[in-house]
Amino acid sequence: MKIIEKINYLQFIVKKFKKKNKIISFIPTMGSLHEGHLSLIKEAKKGKNTIIIVSIFVNPTQFNNLKDLEKYPRNLKKDIFLLKNILCENDIIFTPSEEEMYPTIDNRNFYFGDLENVMEGKHRKGHFNGVAKIVSKLFDFVKPDKAFFGKKDFQQIAIIENLVKNYNYKVEIIPCETVREKNGLAMSSRNILLSNEERKNANNIYKILKESREKNISISDLKHWVKNKINENSHFILEYFEIRDDIFLKDVNSWKDDCKKIGFIAVKIGNVRLIDNIFY
Ligand code: PAF
């Protein structure tokens, strides 16, 4: 396993592997790795003839709030320790600096239509433009055949699939199941920012989502029901709960609509913002 910091060297190594017809499987991360990230790597490892590249880079352009960027958990030593146990000899960890990824200001503006104006896009202005900036750079340098993303960030996957289509990237996006703690809380690097008490309460988010699946009521009644249940937890502030289709993420108003339906939720607990989703 190699740790690479420089884009030039990464490109040199990738070229060598491509010449040998290796499949490049890419897992972009912002570090502070947990079982969710490791499950993406395990999924990637199922492929034959594969070189795995994991990037670790806390991308400043996707944070709409400086405080959030400052307190974002970072633990490169622990990340490398975890990766050493799972990666093979030829695999790569790419840990570029900010100067390496953004040598000059990146003023690009990506367009994702309605997708960027709802839910995470609405509540975190500029977030998806920042995600698109870094993911496009990483795709340019890594030239992956496959890239793996967790379904907890379902809207991010939809944005990246759009990016791939619009900019003709030759990469297959592989959405992977959300990994949960025993109590149901979706794994997230941000979970370690929760106090013990908050972490215990946070499992109620998924509990409520699961319970909502059993309700036999209209979509608008279900939205009220989830809102009320979340508000019963005095430490929770609900940002949104919406039911949307799984392709265009358009609002769904009736169970009869011919599409798969997903409930998307964002909740603030103290200073920590958590998101999750559930298929109906
Ligand atoms: O999902 C994340 O961790 C980040 O948004 C990503 C895709 C690594 C881009 O910084």
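All of these numbers come straight from a predicted model, not from anything done at the bench.

Here is what the cut-offs are and how they apply
Residues numbered from 1 in each chain as written. Predicted model: local features only at pLDDT ≥ 70, side-chain atom pairs only at ≥ 80, totals over all residues. Heavy atoms only, no water. Helix = DSSP H or I, 4+ residues; strand = E, 2+ residues; numbered from the N terminus. Rg over C-alpha atoms; globule rule 2.2 N^0.38 Å. Buried < 20%, exposed > 50% of the residue type's maximum accessible area, 1.4 Å probe, protein only. Contact = heavy atoms within 4.5 Å. Areas by Shrake-Rupley, 256 points an atom, 1.4 Å probe, with all protein chains shown as cover. Near = heavy atom within 4 Å. Polar contact = N/O pair within 3.5 Å; in protein donor to acceptor, adjacent residues only side chain to side chain. Salt bridge = Lys/Arg side-chain N within 4 Å of Asp/Glu carboxyl O. Phe/Tyr/Trp six-rings, centres within 6.5 Å; stacked < 30°, edge-to-face > 60°. Lys NZ or Arg CZ within 6 Å of the ring centre and 35° of its normal. Arc of directions from axis to C-beta. Pairing = 2+ DSSP bridges. Right-handed = clockwise from strand over helix to strand, strands pointing away.

(A) Expanded view of the overall build of the protein. If you tally the helices and strands in the protein, you get ten helices and nine strands. Computed over the C-alpha atoms, the radius of gyration of the protein is 19 Å, within 12% of the 19 Å expected from 2.2 N^0.38 for a compact globule of 280 residues. Projecting the C-alpha coordinates of the protein onto the three principal axes gives extents of approximately 55 × 40 × 40 Å. Classification of the 280 residues of the protein by burial places 53% in the buried group. Considering only contacts within the protein whose residues lie at least 6 apart along the sequence, 71% involve residues at least 24 apart. For the protein, the exposed surface amounts to about 14700 Å²; the carbon and sulfur share of it is 49%.

(B) Representation of the site of the ligand in the model. Around the ligand sit P28, T29, M30, N59, Q62, I134, F149 and Q156, and that is every residue in its neighbourhood. In this structure, an oxygen atom belonging to the ligand sits 2.6 Å away from a side-chain N or O atom of Q62. Side-chain polar atom of Q156 to an oxygen atom of the ligand: 2.7 Å apart, as the coordinates give it. In isolation the ligand exposes 290 Å². Once the protein is present, 88% of that is buried.

(C) Focus on the pattern of salt bridges. What the rule picks out here adds up to 17 salt bridges. In this structure, the salt-bridge partner of E120 is R273, at a minimum N-O distance of 2.8 Å. Taken as a pair, E120 in helix 6 (residues 120–123) and R273 in strand 9 (residues 272–279) lie far apart in primary sequence, 153 residues in all. Each member of the pair, E120 as well as R273, carries the same accessibility label: buried. Taking the shortest distance from any N to any O, the salt bridge between K151 and E177 comes out at 2.6 Å. With K151 in the loop between strand 5 (146–150) and helix 8 (154–166) and E177 in the loop between strand 6 (172–176) and helix 9 (196–213), the pair connects residues that are 26 residues apart, well separated along the chain. Assessed through its relative accessible area of 19%, K151 is described here as buried. When its relative accessible area of 56% is taken as the criterion, E177 is described as exposed.

(D) Quick peek at the packing of aromatic side chains. Throughout the structure, instances matching the rule amount to ten aromatic pairs. Aromatic pair F110 and F112: ring centres 6.3 Å apart, planes at 5°, arrangement stacked. Residues F110 and F112 agree in their burial class; the two are buried. Members of the aromatic cluster, each reached through a chain of ring pairs, are F26, F139 and Y169. A cation sits over an aromatic face here: R180 above Y206, 3.4 Å from the ring centre.

(E) How the structure looks around helix 4 (residues 76–84). Three or more residues of helix 4 are buried, namely D79, I80 and L83. Summarising the axial view, the buried residues of helix 4 lie within an arc of 95°, below the 170-degree limit, and thus occupy one face. Those residues of helix 4 that are exposed and aimed more than 90 degrees away from the buried face are K77, F81 and K84.

(F) Just the pairing of strand 2 (residues 23–29), in detail. Within strand 2, six of the seven residues are buried, which leaves the element mostly enclosed by the surrounding structure. Of the pairings in the sheet, the one linking strand 2 to strand 3 (residues 50–56) comprises seven bridges and is parallel in character. Counterpart to P28 in the pairing with strand 3 is S55. Crossover strand 2 to strand 3 through helix 2 (residues 35–45) is right-handed.

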